[in-house]
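Listed here are the chains, written in short residue letters.
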Amino acid sequence: MRNRYAVIGNPIEHSKSPQIHAAFAKQTGEKLVYERILGDLQYFERDVIRFFQQGGRGLNVTVPFKVRAWQLADMLGREAQFAEAVNTLLRMPDGSLRGENTDGIGLVRDLTINHHCLLNGSRILLLGAGGAAKGVAASLLEQEPAQLLIANRTSSSAQQLVQRLAGQGSVEWGGLEDLEGRQFDLIINATAAGLNAEIPAIPDGILAPGGWVYDLMYSSEPTAFVTWGRSQRAAKSLDGLGMLVEQAAESFFLWRGVRPETAPVIAILSAA
Ligand code: ATR
C-alpha cells in the first residue's frame, strides 16, 4: 500500500497542496498518495486521529485548524512552538504526533534561495501580528536583519508578538501610523487585508529605493499589495506562491527525507 498523506482544512477544495505534492512525488520517485480532507469544524481532532490510526503518515494542516493542530501534537518543533500553530503533522515510530511549522522557513527559502534576497543586514518591515505574522516572525529574525519592525493596525498585538521574540534578536513594534518617515529594504504583508482586496493603511515612500515587497497571499491576479509594491517602484513585488511551494517542500522533506526541486513546480503553478 502506498504511504498516505493529506491536507486537512475547511474549506479545502481550492488547496493546491495535492498538486504540489503529486509533482514532488513524481519528480523524486517517492511512492505516495496525497489527498484532500474537508476537516469537520467540530471534530477536527477526531478526524486527525482517525487518519493516523488508519495508517496515514503525514498531514498538512491549513485554515482554520493550525492552532488546534498545535494543541493536538504530542511534541513540537521549535518553529511550531513559537508560532503556536502547526501546518505539518508527522506520525513518529512510537505512534505519537509531531507538529512542525514550515511557513517561516518557506518564506525565507523563497526570498533567499529563489530570489537571492539578502535578509541579513537589511531593514525589514513585517505588517500584521496575527497567525500569519507569528508563523514567519522568528524565522525572519533568525536571518539577523539590521532592523525588524513589526507593525500592526492594533499596535498592542505587535507589542505582544515582539515581547515573545525577546532574546532572539533586535526587533521593534509599532502601529501603522508610526511608519511615516521610515524606510525599509523589504516590506512583507502578513495582514488579512488582502482578503477584501485592501492593503493596510501605510504611507507612501517607506520603501527604500531598490527595495522589495512580498505579500504572503497569492492569487492568479496580482494581489492588492503586489500592486501597491509596483506603485512604489519596488525592485521586486512578489506574492506568496513561492512560499507556498517552499513550505510544502519542507513538509515533504520532513516526511520523506528527500528535498524536491521547487523551481519547476513554482513554474507550473505560475503558468496555470
Ligand atoms: P491571519 O492568520 O491571516 O494572520 P488573523 O490572525 O485574524 O489572520 O490576523 C489578521 C491580521 O491582519 C491582523 O494583524 C489584523 O490586524 P488587527 O490585529 O488590527 O486586527 C490584520 N488586518 C486585517 N485586516 C486589515 C486591514 N484592513 N488593514 C490592516 N490590517 C488588517
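Residues numbered from 1 in each chain as written. Predicted model: local features only at pLDDT ≥ 70, side-chain atom pairs only at ≥ 80, totals over all residues. Heavy atoms only, no water.

Here we look at the site of the ligand
Spelled out, the test is: Proximity is defined per residue: any heavy atom of the residue falling within 4 Å of a molecule or strand makes that residue near it. Distance and chemistry together define a polar contact, namely a pair of N or O atoms within 3.5 Å, with one atom able to donate a hydrogen and the other to accept it when in protein, and with adjacent residues in sequence counting only for side-chain atoms on both sides. Per-residue and other accessible areas follow the Shrake-Rupley method at a 1.4 Å probe size, with only the shown protein chains counted as cover for residues. For this classification, Asp, Glu, Lys and Arg are treated as charged, while Ala, Val, Leu, Ile, Met, Phe, Trp, Tyr, Cys and Pro are nonpolar and the rest, including Gly, are polar.
Looking at the ligand, there are 13 residues lining it, with Ala132, Asn152, Arg153, Thr154 and Ala192 nearest. In the model, an oxygen atom of the ligand is placed 3.0 Å from a nitrogen or oxygen of the Ala129 main chain. When the free accessible area of the ligand is taken as 640 Å², the share hidden by the protein chains comes to 66%. Of the residues belonging to the shell around the ligand, the class tally is 5 nonpolar, 6 polar and 2 charged.

So, the domain arrangement of the protein chain
Quick reminder of the rule: All domain edges in this entry derive from an automatic or database-based domain assignment. Contacts are residue-level and defined by heavy atoms, with any inter-residue pair within 4.5 Å sufficient. Put simply, buried area is how much 1.4 Å-probe accessible surface two parts lose in total, over both of them, once they are put together. Salt bridge, as used here: a side-chain nitrogen of Lys or Arg that lies within 4 Å of a carboxyl oxygen of Asp or Glu. Note on conventions: DSSP H or I runs of at least 4 residues are helices, E runs of at least 2 residues are strands, and numbering of each starts at the N terminus.
Per the domain assignment, the segments of the protein chain are domain 1 (3-101 + 247-271) and domain 2 (104-239). Once you take the C-alpha centre of each, domain 1 and domain 2 turn out to be 26 Å apart. Opposite the 13 residues of domain 1 that make contact, domain 2 presents 17 residues. Approximately 1,100 Å² of surface area, both sides summed, lies buried where domain 1 meets domain 2, with 50% of it carried by carbon and sulfur atoms. For domain 1, the biggest contributors to the area lost against domain 2 are Phe82, Ala83 and Glu250; these three give 46% of the whole. Note that Glu84 is salt-bridged to Arg164, the shortest N-O span being 3.6 Å. Applying the counting rule to domain 1 against domain 2 returns 3 residue pairs in polar contact (both at pLDDT 80 or more). Put simply, the parts of the chain that give the side of domain 1 that touches domain 2 at least two residues each are α4 (78-83) and α9 (241-256). It is α4 that provides the largest number of residues to the side of domain 1 that touches domain 2, a total of 5 residues. Considering only residue class, the side of domain 1 that touches domain 2 consists of 3 nonpolar, 4 polar and 6 charged.

Focus: the packing of aromatic side chains
The geometry of an aromatic ring pair is captured by two quantities: the separation of the ring centres and the angle between the planes. Stated formally: For Phe, Tyr and Trp, where Trp contributes only its six-membered ring, two rings pair if their centres lie within 6.5 Å, and the inter-plane angle classes them as stacked under 30 degrees, edge-to-face over 60, or tilted in between. A ring is scored as having a charge over it whenever the NZ atom of a lysine or the CZ atom of an arginine sits within 6 Å of its centre and within 35 degrees of its normal.
This structure, assessed with the given rule, holds 6 aromatic pairs. Measuring from ring centre to ring centre gives 4.8 Å for Tyr5 and Trp255, while their planes differ by 35°; the resulting arrangement is tilted. Separated by 250 residues along the polypeptide, Tyr5 in strand β1 (residues 3-9) and Trp255 in helix α9 bring together distant segments of the chain. Three or more aromatic residues link up through ring pairs in this structure, and these residues are Tyr5, Tyr34 and Trp255. Cation over ring: Arg164 sits above Phe82, and NZ or CZ is 4.6 Å from the ring centre. Above the face of the Phe253 ring, Arg259 is positioned so that its terminal group lies 4.4 Å from the ring centre.

Considerations on the sheet that holds strand β11 (residues 207-215)
Across a sheet, strands are paired by hydrogen bonds formed along the backbone, either parallel or antiparallel in direction. Defined as follows: Being paired, for any two strands, means DSSP has found at least two bridges between them. In this description, a line fitted to the C-alpha atoms serves as the axis of each element, helices being fitted only across the stretch in contact, and the angle between N-to-C directions of two axes falls anywhere from 0 to 180 degrees.
Pairing is parallel across the open sheet formed by 6 strands, whose spatial order is β9-β8-β7-β10-β11-β12. With one partner strand each, in any of the chains shown, β9 (172-175) and β12 (236-238) form the two edges of the open sheet. Recorded for the sheet is a direction-independent mean angle of 20° between the axes of neighbouring strands. Across 5 bridges, the pairing between strand β7 (residues 123-127) and strand β8 (residues 147-152) is parallel. The residue bridging Ile124 from the neighbouring strand is Leu148, located in β8.

Some points on the packing of helix α1 (residues 17-28) against α9
Stated formally: Relative orientations are named as follows: roughly parallel for angles under 35 degrees, roughly antiparallel for angles over 145 degrees, roughly perpendicular for angles from 65 to 115 degrees, and oblique for any other angle. Each helix crossing is assigned a hand: it is left-handed if the near helix lies turned anticlockwise from the far helix by less than a right angle, otherwise right-handed if that turn is clockwise.
Packing of α1 against α9 brings their axes to within 10 Å, and their N-to-C directions diverge by 55°. By the angle class used here, α1 and α9 are oblique. α9 is crossed by α1, and the crossing has right-handed handedness. Across the interface between the two elements, Ile20, His21, Phe24, Ala25 and Thr28 of α1 pack against Leu244, Val245, Ala248, Ala249, Ser251, Phe252 and Trp255 of α9. Taken together, the residues of the contact of α1 with α9 sort by class into 9 nonpolar, 3 polar and no charged.

Some details on the sheet that holds strand β2 (residues 32-38)
Taken in spatial order, the 6 strands line up as β2-β1-β3-β5-β6-β4 in an open sheet, and their pairing is mixed. Edge strands, defined here as strands with exactly one partner in the open sheet, are β2 and β4 (75-76). Alignment of strand β5 (residues 88-91) against strand β6 (residues 97-100), held across 4 bridges, turns out to be antiparallel. Pairing of Thr88 across the sheet is with Glu100, part of β6. Of the strands in this sheet, β1, β2, β3 (58-61), β5 and β6 touch α9, which is tilted by about 5° from β5.

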